[in-house]
Amino acid sequence: QVQLVESGGGLVQPGGSLRVSCAASGSIFSINAMAWYRQAPGKQRELVATITDGGSTNYADSVKGRFTISRDNANNTVYLQMNSLKAEDTAVYYCYAHIIATMGDIRVPRNYWGQGTQVTVSS
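Presented here is a report on the structure given in the accompanying data block. Please read all numbers here as calculations on a predicted model, not as lab measurements.

**Remarks on the packing of aromatic side chains**
- According to the stated counting rule, one finds 3 aromatic pairs in the structure shown.
- Between Tyr37 and Tyr96 the ring centres are 6.1 Å apart and the planes differ by 75°, which places this aromatic pair in the edge-to-face class. With Tyr37 in strand β4 (residues 28-39) and Tyr96 in strand β9 (residues 91-103), this pair connects stretches of sequence that are 59 residues apart.
- A relative accessible area of 15% means that Tyr96 is categorised as buried.

See below:
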């Protein structure tokens, strides 16, 4: 009933910028936290950035100062603004959300993942 839909991935040149979005929809009571992960070929999935319902953010050292995570609570959407992109940023980016879903009068905590969107940084 709850799904995360990502958009905005694509090809960008080194030093360029890209903004990816993730919108949660369905029977949502609340969203406690949202995050972006990424996974490059041959590497483990890594946490890129997180944002809580209160707006507190955290970033991986590799993207700190270049990436900005933000949240539009009215639309249940999280964004990742990526600036000064490097080749090593190339990966599949996954949206994550910890959501309290609604099932009738029951509140059910669940982890949800987007399908992933490819970000390629290349000249």
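**Observations concerning the nonpolar core**
- In terms of nonpolar packing, the biggest core is built from 32 residues, with Trp36, Leu80, Met82, Tyr93 and Ile99 touching the most fellow members.
- Broken down by secondary-structure element, the contributors of at least two residues to this core are β3 (18-25), β4, β5 (46-52), β7 (67-72), β8 (77-82), β9 and β11 (117-121).
- Take this core: its biggest share by element is 6 residues, from β9.
- Once you skip the residues sitting within four places of it in the chain, Ile99 turns out to touch Val2, Leu4, Ala24, Ile28, Ser30, Ile31, Val108, Pro109, Arg110 and Tyr112.

Rules used throughout
- Residues numbered from 1 in each chain as written.
- Predicted model: local features only at pLDDT ≥ 70, side-chain atom pairs only at ≥ 80, totals over all residues.
- Heavy atoms only, no water.
- Phe/Tyr/Trp six-rings, centres within 6.5 Å; stacked < 30°, edge-to-face > 60°.
- Helix = DSSP H or I, 4+ residues; strand = E, 2+ residues; numbered from the N terminus.
- Buried < 20%, exposed > 50% of the residue type's maximum accessible area, 1.4 Å probe, protein only.
- Core = buried A, V, L, I, M, F, W, Y, C linked by side-chain atoms within 4.5 Å.
- Contact = heavy atoms within 4.5 Å.

Everything listed is a geometric property; what it means functionally is a separate question.
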